[in-house]
Amino acid sequence: MDKTTATKDLEKFIEKFEPSKFKLLQRGIEIRGIKDLNRSISFAKELIDQLKLKLTVSHSAEMAMYGSFEVVYQ
């Protein structure tokens, strides 16, 4: 995947997901301050599938403690 396609996919995701807080990462974004983490992760995965974006959701127990997860390029 070229950088332009990855950037456009990420922009589409941010526009539709509308995160209130996120941090840009080299491979995507970290979405922070989520209260209902399970619902947000499920919604993010559904949105990625619906829009056919080349992104994946990544999360760990440590991230869950802070109410965050990542959306990264495939």
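Residues numbered from 1 in each chain as written. Predicted model: local features only at pLDDT ≥ 70, side-chain atom pairs only at ≥ 80, totals over all residues. Heavy atoms only, no water.

Undergrad: Help me understand the packing of aromatic side chains, please; the structure alone is not making it clear to me.
TA: The description of an aromatic ring pair uses the distance of the two centres, along with the angle that the planes make with each other. Tallying each qualifying case throughout the model produces three aromatic pairs. Here the aromatic cluster, defined as three or more aromatic residues joined through ring pairs, consists of Phe 13, Phe 17, Phe 43 and Phe 69. (Phe/Tyr/Trp six-rings, centres within 6.5 Å; stacked < 30°, edge-to-face > 60°.)

Undergrad: Can you walk me through the pattern of salt bridges in this structure?
TA: This structure, assessed with the given rule, holds two salt bridges. With its nearest N and O atoms 3.3 Å apart, the salt bridge here joins Arg 32 to Glu 30. Take Arg 32: its relative accessible area is 35%, and that puts it in the partly exposed class. Across the pair Arg 39 and Asp 36 runs a salt bridge whose closest N-O atoms are separated by 3.6 Å. (Salt bridge = Lys/Arg side-chain N within 4 Å of Asp/Glu carboxyl O. Buried < 20%, exposed > 50% of the residue type's maximum accessible area, 1.4 Å probe, protein only.)

Undergrad: How should I be thinking about helix α2 (residues 37-51) in this particular structure?
TA: For the α-helix, the turn length of 3.6 residues means that residues three or four positions removed from each other point alike. Relative to the 21 Å expected for 15 residues at 1.5 Å per residue, α2 spans 21 Å between its end C-alpha atoms, a close match to the ideal helical length. Restricting attention to buried positions, one finds in α2 the residues Leu 37, Ser 40, Ile 41, Ala 44, Leu 47 and Ile 48. Buried residues of α2, viewed axially, fall in a sector of 125°; they line one side. Of the residues in α2, the exposed ones pointing more than 90 degrees away from the buried face are Asn 38, Arg 39, Asp 49 and Gln 50. Two residues or fewer past α2, Lys 52 is found with a positive phi of approximately 55°. (Helix = DSSP H or I, 4+ residues; strand = E, 2+ residues; numbered from the N terminus. Expected span 1.5 Å × (residues − 1). Arc of directions from axis to C-beta.)

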